[in-house]
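# A closer look at the structure
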2 protein chains.
Amino acid sequence: MGSLPLDALQPLDPDTFAADSSAVVDFLAGYYRDVDKYPVRAADLEPGRLRRLLPEAAPEFGEPAERILADVRRDVLPGLTHWQSPSFFAYFPMNASAAGFAGEMLSVGLNVVPFMWVASPAAVELEATHATFQKGARLVGISPANFRVVPTAAASGYALTGAAVRAAVEGDVARGLVPLYLCATVGTTGIGAVDPVRELGEVARRHGMWLHVDAAYAGSAAICPEYQGYLDGAELADSVSMNPHKWFLTNMDCCCLWVASPAALTAALSTDPEYLKNAGGGKPQAAAGAGAIDYKDWQISLSRRFRAMKLWFVLRRYGAAGMRAHIRRHVAMAEWFERAVSADERFEVVAKRRFSLVCFRLRGGGDAMNRELLAAVNASGRVFMTHFVVEGKFVIRLAVGGAMTEMRHVGDAWELVQRTAEQLLQRR
Amino acid sequence: MGSLPLDALQPLDPDTFAADSSAVVDFLAGYYRDVDKYPVRAADLEPGRLRRLLPEAAPEFGEPAERILADVRRDVLPGLTHWQSPSFFAYFPMNASAAGFAGEMLSVGLNVVPFMWVASPAAVELEATHATFQKGARLVGISPANFRVVPTAAASGYALTGAAVRAAVEGDVARGLVPLYLCATVGTTGIGAVDPVRELGEVARRHGMWLHVDAAYAGSAAICPEYQGYLDGAELADSVSMNPHKWFLTNMDCCCLWVASPAALTAALSTDPEYLKNAGGGKPQAAAGAGAIDYKDWQISLSRRFRAMKLWFVLRRYGAAGMRAHIRRHVAMAEWFERAVSADERFEVVAKRRFSLVCFRLRGGGDAMNRELLAAVNASGRVFMTHFVVEGKFVIRLAVGGAMTEMRHVGDAWELVQRTAEQLLQRR
């Protein structure tokens with residue numbers, strides 16, 4: 001395996017990690033020392049002040065942590081209400097502590113995702129492409145019988161097509177049903193397929209459906225011009241989401257949601273209206289100043305974590321150039337793996353690779369041997385891959401994207417897959 | 001003001017904070033250095049292994065951070081799937097980075113709650129007691145017209161009574177409606193009122209309603225025996241919640257939810273059934289081992305942060321005795337403030353204080369002067385308090401609970417309130 005001419009961004013280099021983290025610890029210890037010197041409630045700064053202080057775009061090149069912290073001190077702290085001030089007696093307490101912080105650091109630093117008991121590794125992957133969406137629909141009272149899964153096929157790279165979606169919607173309309181919501185996925189979890197956003201957007205517009213574009217994983221790639229075409233038509237969407245905690249160097253959890261009309265969210269989620277005014281006997285709410293945003297009206301819960309801070313820190317620290325190098329580095333590794341698989345006639349690549357995910361299988365042996373191959377590879381403890389089922393066939397997924405993954409790890413993975421496959425084939 | 005004979009637990013002492021945090025930074029830097037030596041996927045450990053390693057109860061006395069970290073290394077790391085391993089190619093990537101970590105530390109350390117534009121301070125407090133609950137009801141399709149707010153009065157300390165709730169439920173049943181859900185609050189946000197859980201539980205049981213006990217704020221106090229009586233009857237509840245991020249020294253966010261029957265959650269939130277098996281063409285899920293818990297089936301989203309880590313760290317680091325001292329210290333400060341207000345005939349305490357929240361108002365001057373008093377006190381920048389409306393009257397809330405709050409801060413707040421009130425009264 002050749003070496004790749006890649007930028008040497010090492011986002012989890014232990015020495016850089018320790019140095020940057022120590023700078024933040026010192027910053028925070030100083031903050032606690034001085035917090036009673038700040039006005040407890042944010043000074044009466046006009047809405048939009050911080051936005052005007054910020055540049056229009058992320059920096060092209062990364063900056064040292066100290067410079068970023070200096071900006072936090074100068075621009076962010078004056079705009080905060082200091083919930084940790086000893087003289088904060090408002091709302092309810094919101095405790096911080098050295099131990100709570102230490103435990104949170106551990107959780108954030110280990111950055112594991114305990115969503116299931118992983119000892120049953122065969123169990124999960126099947127549901128990752130629709131599960132949350134389906135749950136959401138069920139929660140708001142939409143019967144599973146009215147939830148449509150439109151089939152996809154190899155010809156479209158397992159993406160939805162405008163024609164298939166149009167036929168499904170028109171069929172439902174003819175039966176007197178009302179089409180409500182359409183989800184286009186840019187980079188499905190299973191195989192990285194890309195739905196045609198513009199085609200689907202046109203169907204959605206024609207029928208008054210809400211179009212959501214789910215770019216949870218692959219949206220990160222859109223920082224590179226060569227991937228922006230996949231979002232063509234996004235201006236037809238009502239909402240677009242991507243998760244920087246997946247492939248954008250931002251620790252769990254952080255999800256970006258763009259909405260074309262924030263008023264649609266606040267109409268559904270605000271609790272200002274009638275009921276409270278009547279029941280509480282209180283005064284109507286003071287109108288917030290122009291440009292003021294109350295995020296409680298954009299979400300279900302009242303409280304909210306300050307997640308923007310970490311995404312901003314990532315963009316400052318690594319710069320747009322660093323982030324592009326990060327994405328391209330992983331894509332190049334996946335390309336290498338894809339070529340290696342294609343060059344070995346015992347294997348086949350299943351579904352076109354678009355980002356950093358390669359789906360493949362052993363040609364001979366059927367599903368049983370592919371299952372066995374994956375189980376043996378994972379049991380070695382040296383790598384961890386998962387699977388998906390495409391048109392009834394079991395395929396193995398190699399999803400490149402770890403902050404510490406280097407070319408040699410991908411190369412080792414391929415050698416391990418080959419060697420294990422040889423043993424299985426010889427045993428037949 | 002006298003000094004109080006209180007335990008000297010200082011949860012945000014800057015030196016302890018810096019030392020503990022540095023220990024965690026070193027731990028994590030070492031973890032990143034060695035992560036490729038661990039089996040990537042968690043070894044095949046039996047479900048329940050970690051539970052057996054853990055003691056039955058939290059330690060009575062706090063322990064040093066180093067000892068806790070040694071236990072993490074010995075007991076927790078071997079049970080993890082290492083999402084940050086360079087050879088993790090499963091599911092999707094879940095990026096950590098030095099910058100993402102630094103930004104998250106800042107967010108967690110500042111521990112502010114940006115739920116609204118605070119420059120309109122008059123706007124929020126009214127809705128805190130019901131807003132999220134009402135939103136949830138609306139989201140699952142319950143018409144606001146079918147949402148009952150049962151009035152409370154001074155006689156019951158502004159708590160619900162079994163009689164009033166029974167009358168409301170029976171009235172609805174007589175009209176052919178089906179009662180579904182009853183929320184009892186132990187420590188309301190507005191004034192800290194405590195609903196009679198056992199009485200409400202009996203009504204709920206009789207009518208087959210789900211009883212939820214919301215102890216978000218005051219639940220922390222139940223670590224002290226003298227407050228456990230407020231939860232009498234909780235065995236009749238279907239669910240109980242409390243937020244350690246409020247008053248239990250655990251940084252945002254952390255909410256504990258107990259459910260009497262986890263099967264009720266998984267029946268509503270699991271996505272294993274029919275649809276996916278049919279649509280995906282995959283195999284039915286392997287049955288998880290006895291005792292294995294897949295948290296994805298307890299919640300709406302698939303991913304999940306590892307929040308238990310910080311609550312566990314807090315309990316180890318401060319011990320049950322430290323946590324009781326933390327709670328009692330704040331209650332004692334609130335008692336002192338309550339006595340001071342009561343001793344000044346210009347003021348009145350509104351609603352009985354039960355925990356660390358004191359509601360009071362100036363007797364003369366009506367709502368207008370009380371509003372003015374609060375605005376002036378907050379404008380000083382030296383404290384931040386909020387308000388509530390009780391039976392149409394504007395009351396000022398002093399909510400004690402900050403990790404760095406000492407008796408002198410409460411004393412200063414009272415002096416500031418008195419001095420400001422004097423100026424307002426003289427002006428009349």
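Since the structure is predicted, the reported quantities are computational estimates derived from the model, not experimental observations.

With that settled, consider the overall build of chain A. The secondary structure content of chain A amounts to 13 helices and eight strands. For chain A, the residues scored as buried account for 55% of the 428 residues in total. For chain A, the share of sequence-separated contacts (at least 6 apart) that also reach a separation of at least 24 residues comes to 72%. Roughly 17,200 Å² of accessible area belongs to chain A as shown, and the carbon and sulfur atoms make up 55% of that amount.

Right, let's get into the packing of aromatic side chains. Counting across every chain of the model gives 40 aromatic pairs over all chains. Judged by centre distance (6.4 Å) and plane angle (20°), the rings of tyrosine 227 of chain B and tyrosine 230 of chain B are stacked. Residue classification places tyrosine 230 of chain B among the partly exposed positions, given a relative accessible area of 26%. Here lysine 246 of chain A stacks its cationic end above the ring of phenylalanine 92 of chain B, 4.7 Å away from the centre of that ring.

Taking the UniProt record as the reference, the feature "modified residue: N6-(pyridoxal phosphate)lysine" (unreviewed entry) is found at Lys246 of chain A. In this fold, lysine 246 of chain A is placed in helix α8 (residues 244-247). What lysine 246 of chain A contacts, discounting residues up to four positions off in sequence, is Ala216 and Tyr217 of chain A together with Phe92, Pro93, Met94 and Asn95 of chain B.

If you look at the biggest cluster of nonpolar residues, it comprises 143 residues, and the most contacted ones within it are Leu28 and Leu106 of chain A together with Leu28 and Leu106 of chain B. Ranked by size, the runner-up nonpolar core spans 37 residues in total, among them Leu160, Ala193, Val197 and Ala221 of chain A.

Here we take up the environment of glycine 103 of chain A. All names here are of chain A. In this fold, glycine 103 is placed in helix α4 (residues 98-110). Classification of glycine 103 by relative accessible area gives buried; the value is 0%. When the C-alpha positions of glycine 103 and alanine 413 are compared, they lie 33 Å apart, and in sequence the two are 310 residues distant.

Let's shift gears to the environment of alanine 43 of chain A. Note on placement: alanine 43 of chain A falls in the loop between α1 (14-34) and α2 (49-53). The spacing of alanine 43 of chain A and arginine 408 of chain A is 365 residues in sequence and 53 Å in space, taken between C-alpha atoms.

For the rest of this paragraph, the subject is the sheet that holds strand β7 (residues 357-362) of chain B. All names here are of chain B. Reading across from one edge, β6-β7-β9-β8 is the order of the four strands in this open sheet, with antiparallel pairing throughout. Where the open sheet ends on each side, the last strands, each with one partner, are β6 (347-349) and β8 (386-390). In this sheet, adjacent strand axes meet at a mean angle of 40° when their direction is disregarded. Judged from the three bridges that link them, β6 and β7 form a sheet pairing that is antiparallel. Each bridged residue has a counterpart across the sheet, and for valine 349 the counterpart in β7 is phenylalanine 360.

Residues and elements named next belong to chain A. Residues Leu50, Leu53 and Leu54 make up a contiguous nonpolar surface patch of roughly 230 Å² in combined accessible area. When you line up the elements, leucine 50 lands in helix α2. You can call leucine 50 partly exposed: its relative accessible area is 33%.

Our next topic: the side chain of threonine 188 of chain A. Within the secondary structure layout, threonine 188 of chain A lies in the loop between β1 (181-185) and α7 (197-207). Those residues in contact with threonine 188 of chain A that sit more than four places away from it in its chain are Thr129, Ala193 and Leu357 of chain A.

Another aspect to go through is the pattern of salt bridges. The tally for this structure, following the rule as stated, stands at 46 salt bridges over all chains. The shortest N-O distance in the salt bridge between arginine 353 of chain A and glutamate 338 of chain A comes to 2.9 Å. Placement of arginine 353 of chain A in the loop between β5 (347-349) and β6 (357-362) and of glutamate 338 of chain A in helix α11 (residues 308-343) is noted, with a sequence separation of 15 residues between them. Comparing arginine 353 of chain A with glutamate 338 of chain A, the two get one shared label, buried. Here aspartate 367 of chain B ties to arginine 361 of chain B by a salt bridge, and the two come within 3.0 Å at their closest N and O atoms. A single network of salt bridges, built from pairs that share partners, joins Glu63, Arg67, Asp71, Arg74, Asp75 and Arg316 of chain A.

What follows covers unusual backbone geometry. Residues and elements named next belong to chain A. Cis geometry is found at the peptide bond from methionine 252 to aspartate 253, where omega equals -15°. In this structure, aspartate 253 sits in the loop between α8 and β4 (256-259). Phi angles above zero are rare outside glycine, and tyrosine 158 is one such case at about 65°. Mapped onto the fold, tyrosine 158 is located in the loop between α5 (131-139) and α6 (162-174).

Put simply, chain A has an average pLDDT of 86, and 86% of its residues get 70 or more. For chain A, the element scoring lowest by mean pLDDT is helix α10 (residues 274-280) of chain A, at 34; α7 of chain A scores highest, at 98.

What counts as what
Residues numbered from 1 in each chain as written. Chains lettered and ligands numbered in written order. Predicted model: local features only at pLDDT ≥ 70, side-chain atom pairs only at ≥ 80, totals over all residues. Heavy atoms only, no water. Helix = DSSP H or I, 4+ residues; strand = E, 2+ residues; numbered from the N terminus. Buried < 20%, exposed > 50% of the residue type's maximum accessible area, 1.4 Å probe, protein only. Contact = heavy atoms within 4.5 Å. Areas by Shrake-Rupley, 256 points an atom, 1.4 Å probe, with all protein chains shown as cover. Phe/Tyr/Trp six-rings, centres within 6.5 Å; stacked < 30°, edge-to-face > 60°. Lys NZ or Arg CZ within 6 Å of the ring centre and 35° of its normal. UniProt positions renumbered as here; feature names shortened; annotations may be inferred. Core = buried A, V, L, I, M, F, W, Y, C linked by side-chain atoms within 4.5 Å. Pairing = 2+ DSSP bridges. Axes fitted to C-alpha atoms, helices over the stretch in contact; angles between N-to-C directions. Patch = residues over 30% accessible without salt bridge, like charges linked within 9 Å, V, L, I, M, F, W, Y side chains within 5 Å. Salt bridge = Lys/Arg side-chain N within 4 Å of Asp/Glu carboxyl O. pLDDT = per-residue confidence, 0-100.

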